[in-house]
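# Descriptive analysis of the structure
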Amino acid sequence: MGKQARWLAGAAAAVILGSGGMGWALAQGGKEILPAGTYAQENSTVAAMTDVRGHWAQPAIELAISKGYVDGYEDSTFRPEQQVSRAEFTKLAVSALKLPAGSAKAEEAWYTPYMNAAVNAGLHQWSDFNSGDWNTPMTRGEMARMAARAAGQKTDEDKKWMYLATKSGLIQGIDDTGTLNEEGTTTRAQAVTIIERILAVKAGKTLEADLHAVSRAEVLWHKTNIFEVIPQYFGKLHPNSQWNPDDLFIESDDGLYRAELDAILAIDLEDPNAPFLEELPPVETLKWYNFKTSASSPYLTKNMPAYLVYFKGRTVFNKDTNVYGPRDYAPVNTLGAVIDDYNALANGNLVGMTNVFKSKSGDLSAVIFPKKMKTKQRLSLELYTPSIPGNKQYTKQILRVVTPEWIGGE
């Protein structure tokens, strides 16, 4: 039996597992962490492998070998960090799910039966791969799509697969901030870990989601994470509003100005590992506007009970800076907050939503939401043109939501 066929074929001897439940923890330190409690005995196939014991994926590898859909190599290694091709991952998934595949004909590639089985079972569509072939390394994004389908998820939006996979706990981030690395390749260790999660979901278990990965996947899907990170503000759309990630631009009727938003990013300032902090200067170098002066406005601090919302965008063109101010971002108004006490703001108490800036008010497209705030029971976001006074200003509402009168309790 060839080396490739051997590790795909399954263990020749059963692995005797110790007692203990199989739960799933968040990604930590750049690895998919699985809890201890399901280990092979010393005389098992796993124990004989020189590169598995102590590996972060050891429990998943042990389970996979015990079920017979994966094996090690003839030199007593499992090679957990070796890349997996599309064909190899598909074979593993089809075998683990016990889908009917049959054998390859003499003129066929070894993976043809598994490829057809994956298509017949709805795990794969012929249009999924638009480059490479079945021997191309499987990316994490491709793995997420197949995993989500295998677990029963459905969508017509290709960019939503990673969101569905992270939301259901199938895919976790590769570091503490939930980095997805969707274009990165898949390893053998990752492959069996994700397949074991698929099997757990299909067995009726609920997996714990990596919320940081979900946040990043939501942005990958539809250019914002405000619905996941701050649902108390943005969780209920107004009946006359919808979120359209393809409509995040504004262009003046005179054809002189256009700006676009690339993303709207919500950051929980009480979370030291919050995704997208890397998009901004260090938090402690930013100020929030106290409606008095830029000079007297307080600095943001780490661990403050608030959300920073960054409108990441750019000016596409500005053909006349005498009509439209020379800003390099897409300006956004956030409307609907109530500030009852401007004196409190002036004295450094964040009692309402306000702008965030670097050196002077208006040099950054960002706002801060305290975790407790009074609203007009609605919030709206609108793009606008930075028109010089005396010229027409254009506005465009991109979102409207219904909110309680008090966010965070009265």
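Residues numbered from 1 in each chain as written. Predicted model: local features only at pLDDT ≥ 70, side-chain atom pairs only at ≥ 80, totals over all residues. Heavy atoms only, no water.

## Regarding the pairing of strand β2 (residues 257–268)
Both faces of the sheet carry side chains from a regular strand, because those side chains alternate between them. The element β2 is extensively covered by neighbouring structure, given that 11 of its 12 residues are classed as buried. Taken together, the 3 bridges between strand β1 (residues 249–251) and β2 define a ladder with antiparallel strand orientation. Bridging across to β2, Glu-251 finds its partner in Arg-258. Count of turn residues in the β1/β2 antiparallel hairpin: 5 residues, of which Gly-255 carries a positive phi of about 75 degrees. Examined bridge by bridge, β2 and strand β4 (residues 306–318) share 11 bridges and lie antiparallel to one another. Counterpart to Asp-268 in the pairing with β4 is Tyr-307. (Buried < 20%, exposed > 50% of the residue type's maximum accessible area, 1.4 Å probe, protein only. Helix = DSSP H or I, 4+ residues; strand = E, 2+ residues; numbered from the N terminus. Pairing = 2+ DSSP bridges.)

## Topic: the side chain of Lys-160
Locating Lys-160 in the fold gives a position in the loop between α6 (140–150) and α7 (161–167). When residues no more than four places from it in sequence are discounted, the contact partners of Lys-160 are Thr-155 and Trp-221. (Contact = heavy atoms within 4.5 Å.)

## Observations concerning the environment of Val-192
Along the chain, Val-192 falls in helix α8 (residues 188–202). With a relative accessible area of 1%, Val-192 lands in the buried category. Spatially, the C-alpha atom of Val-192 lies 6.3 Å from that of Ile-61, the residues being 131 residues apart in sequence. When sequence neighbours within four positions are dropped, the list of residues in contact with Val-192 reads Ala-60, Ile-61, Ala-64, Tyr-69, Val-70 and Phe-78.

## A closer look at the packing of aromatic side chains
In the structure shown here, the tally under the stated rule is 13 aromatic pairs. Ring geometry for Trp-110 and Tyr-114: centres 6.4 Å apart, planes at 55 degrees, overall tilted. What makes Trp-110 partly exposed here is its relative accessible area of 31%. Its relative accessible area of 18% is what places Tyr-114 among the buried residues. Here the aromatic rings of Phe-129 and Trp-134 are separated by 5.3 Å at their centres, their planes lie at 80 degrees, and the arrangement is edge-to-face. Taking the relative accessible area as the measure of exposure, Phe-129 reaches 17% and is therefore buried. The exposure class of Trp-134 is buried, given its relative accessible area of 11%. Residue placement shows Arg-258 over the ring face of Phe-249; its charged tip is 4.3 Å from the ring centre. Just above the ring of Tyr-299 sits the side chain of Lys-287; from NZ or CZ to the centre is 4.9 Å. (Phe/Tyr/Trp six-rings, centres within 6.5 Å; stacked < 30°, edge-to-face > 60°. Lys NZ or Arg CZ within 6 Å of the ring centre and 35° of its normal.)

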